[in-house]
Amino acid sequence: MGYIVPYLGIDLGSSYTQIYVRKKGIVIDEPSILVADRSAKRTIRAIGDEAKALLGRTTGDTVAVRPLSDGLIHDFDMTQDMLQYFVRKAIGASRLFKPRAVMTIPSHITPVERRVLRKAAVYSGIRENQLHLVEKPFAAAVGCGLPVFDPIGSMVVDIGGGSTEAAVISLGGMVATKTIKIGGTKMDDAIINHIKRNHNILIGENTAEEMKMSLGSALPLKTERRALIKGRDMITNLPQTAELFSSEVYEALRAPCQAILSAIQDVLSRTPPELAGDVMRSGIHLT
C-alpha cells in the first residue's frame, strides 16, 4: 500500500506555504493569504497566488486575511480552509488513502499551539497517526545535510516571513535557540515607511517586496542600482512615480538586519565553547 499513500512535507509559514510531495518535489509554493467577504459567513474568494494578486485591489466588501502570524495560527477557520486547499491542490481531491506528512513548527511553540496546528493539519486531510511535527530550525538543518545527530555543533538561521529563528543543534536536539518577530514582512514594512518618509509616496506590499528583491542588500552594494516606484502621493492623493536607489533600500533594511545579527550573537553567547568552535569551523547556514 506504500506506493499509493502520498508522503508530504509541509512548511506552513506566515508569508508562504510550501508542500513537498515525495518523488515529485515541491508542488506548492504560494502565499499564505486568503481573500474573503467581510460578511459574517466570510465566504472565501481566493487563496494563495490568486489572493496575492488581489492585494491592494480588493473592494469594500472583501478583505485580505493572513491567518498565520509568526508561524502560529491566529485565525483557525481560515487556516484550516487554506491548508485543505493547498493539500488537495498538491495531491488531488479524491484519494482512497489519507496522506502521511511531516510538518514544520516554530521552536517557541506551546503545547496548546502545537495541538491547534495538528488539528488544522488533520482537518486538511492528513492521517492523524501519521502526522509528525518537527521544529523548523531542526528541519532546516536536516535539509542542509548537517550532521544533526553527531556530537558536532551546527548553526542554522531560518528567516521566515513573520519571524527569524536561530539555533545551534547537536546530538539530535537544539542546544540554544532564539526567536524574534522580525522577518520578510518587517523588511517590507521598513521599505514602505522609508519611502513614505523620504518620498511622500505610499506604496503597497507587493511593490515593497519587489523593491526588496531587486534592490535590497544587507551590505552596501559596490554598484548603485535604481528602480521606478509607483504609488499614491500623500500630499495630493494622486498617482505618483519616483526613483528609488539601492542605497536607500539598504538603509531601510539596516534595522531588521541588525536585529537578526543580535539574535545570532545571543545564541552564540549561550552555546558551549566546544560547540561554538564547531560553528566557527563549519559556518552558519542561512535558510
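Note that this is a predicted model, so its numbers are computed, not measured.

As for the overall build of the protein
Then, number 1: A tally of regular secondary structure across the protein gives eight helices and 17 strands.
Then, number 2: Radius of gyration (C-alpha) of the protein: 21 Å, near the 19 Å computed for a compact globule of 287 residues.
Then, number 3: Each of the three principal axes of the protein carries a C-alpha extent, and together these read 65 × 55 × 35 Å.
Then, number 4: A burial count over the protein gives 44% of its 287 residues as buried.
Then, number 5: Within the protein, residue pairs in contact and separated by at least 24 positions form 57% of the contacts whose partners lie at least 6 positions apart.
Then, number 6: Accessible area for the protein stands at about 15200 Å²; split by element, carbon and sulfur atoms hold 54% of it.
Then, number 7: The averaged location of the 30 negative side-chain charges in the protein is 5 Å from the averaged location of its 35 positive side-chain charges.

Quick notes on the layout of surface pockets
Over the atoms a probe the size of a water molecule is rolled, and this reveals where empty space is left.
Then, number 1: Its volume calculated, the largest pocket comes out at about 1200 Å³.
Then, number 2: In this structure, the largest pocket is lined by 45 residues; those nearest its centre are Ser15, Tyr16, Gly160, Gly161 and Gly162.
Then, number 3: Within the residue set of the lining of the largest pocket, elements represented by two or more residues are strand 2 (16-21), strand 3 (25-31), strand 7 (68-69), helix 4 (136-143), strand 11 (154-159), helix 5 (184-199) and helix 6 (205-215).
Then, number 4: Here the lining of the largest pocket gets six residues from one element, more than from any other, and that element is helix 5.
Then, number 5: Grouping the constituent residues of the lining of the largest pocket by class yields twelve nonpolar, 18 polar and 15 charged.

How each quantity is defined
- Residues numbered from 1 in each chain as written.
- Predicted model: local features only at pLDDT ≥ 70, side-chain atom pairs only at ≥ 80, totals over all residues.
- Heavy atoms only, no water.
- Helix = DSSP H or I, 4+ residues; strand = E, 2+ residues; numbered from the N terminus.
- Rg over C-alpha atoms; globule rule 2.2 N^0.38 Å.
- Buried < 20%, exposed > 50% of the residue type's maximum accessible area, 1.4 Å probe, protein only.
- Contact = heavy atoms within 4.5 Å.
- Areas by Shrake-Rupley, 256 points an atom, 1.4 Å probe, with all protein chains shown as cover.
- Lys, Arg positive; Asp, Glu negative; His and termini not counted.
- Charge placed at Lys NZ, Arg CZ, Asp CG, Glu CD.
- 1 Å grid on protein atoms, 1.4 Å probe; cavity = no way out; pocket = protein on both sides within 12 Å on 5 of 7 lines; lining within 4 Å.
- Points joined across faces, edges and corners; volume = space filled by probe spheres on them.
- Nonpolar A, V, L, I, M, F, W, Y, C, P; charged D, E, K, R; others polar.

The quantities given are spatial measurements derived from coordinates; they are silent on function.
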